[in-house]
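Coordinates in review
Residues per chain, in single letters:
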Amino acid sequence: MENYWKYIEGLADDILAEREHWNEDCLQDVISEHCDGSQLVIYHSQAHDFIKWLSYDVQGHAEDMVADCYGGEYLDYDRQASLIAYFALEQMLSEELQERLQKEGEAA
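As the structure is a computational prediction, the values presented were derived from the model and not from experiment.

1. Some details on a negative patch on the surface
- A cluster of acidic residues, D14, E18, D29, E33 and D36, forms a negative patch at the surface.
- Considering each element in turn, the negative patch owes the most residues, three residues, to helix 2 (residues 27–36).
- Along the chain, the position of E33 falls in helix 2.
- You can call E33 exposed: its relative accessible area is 57%.

2. A closer look at the nonpolar core
- Ranked by size, the top nonpolar core spans 34 residues in total, and within it I15, F50, L89, L93 and L97 carry the most contacts.
- Elements represented by at least two residues in this core include exactly helix 1 (4–17), helix 2, helix 3 (39–42), helix 4 (44–53), helix 5 (56–70) and helix 6 (77–107).
- In this structure L89 touches I8, L11, C35, S38, L40, V41 and F50, once residues within four positions along its chain are discounted.

3. Things to note about the packing of aromatic side chains
- Tallied over the full model, the rule gives five aromatic pairs.
- Where Y4 meets W53, the ring centres are 5.0 Å apart and the plane angle is 50°; that geometry is what we call tilted. Of this pair, Y4 sits in helix 1 while W53 sits in helix 4; the two residues are 49 residues apart in sequence, bridging distant segments of the chain.
- Relative to F87, the ring of Y86 has its centre 5.1 Å away and its plane inclined at 80°; by these criteria the two rings are edge-to-face.
- For F87, a relative accessible area of 9% gives the class buried.

Reading the values: rules and limits
Residues numbered from 1 in each chain as written. Predicted model: local features only at pLDDT ≥ 70, side-chain atom pairs only at ≥ 80, totals over all residues. Heavy atoms only, no water. Patch = residues over 30% accessible without salt bridge, like charges linked within 9 Å, V, L, I, M, F, W, Y side chains within 5 Å. Areas by Shrake-Rupley, 256 points an atom, 1.4 Å probe, with all protein chains shown as cover. Salt bridge = Lys/Arg side-chain N within 4 Å of Asp/Glu carboxyl O. Lys, Arg positive; Asp, Glu negative; His and termini not counted. Charge placed at Lys NZ, Arg CZ, Asp CG, Glu CD. Helix = DSSP H or I, 4+ residues; strand = E, 2+ residues; numbered from the N terminus. Buried < 20%, exposed > 50% of the residue type's maximum accessible area, 1.4 Å probe, protein only. Core = buried A, V, L, I, M, F, W, Y, C linked by side-chain atoms within 4.5 Å. Contact = heavy atoms within 4.5 Å. Phe/Tyr/Trp six-rings, centres within 6.5 Å; stacked < 30°, edge-to-face > 60°.

As structure tokens, then:
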């Protein structure tokens, strides 16, 4: 997969299409569910490719989140890559949705 932004935008489209089933109080849970089931997280080879594509800042933040949540726990190479991919995807998808919701609020 080469265009990760398009993939993230597609996830955001899916979440917004399901809007009748969630409210803003549970949006983070909905984002987490989509990230947890993402092919970028499930498949280790895709997680590794996604990490290579990430900006230094996003990757660093995701690595910090893994350390905060799993510090001291043994994580093999592939499991660590999947967790980094999860936290990076979660951050990027959250930001995409917040931008869209803010634009909707401004347009209303």
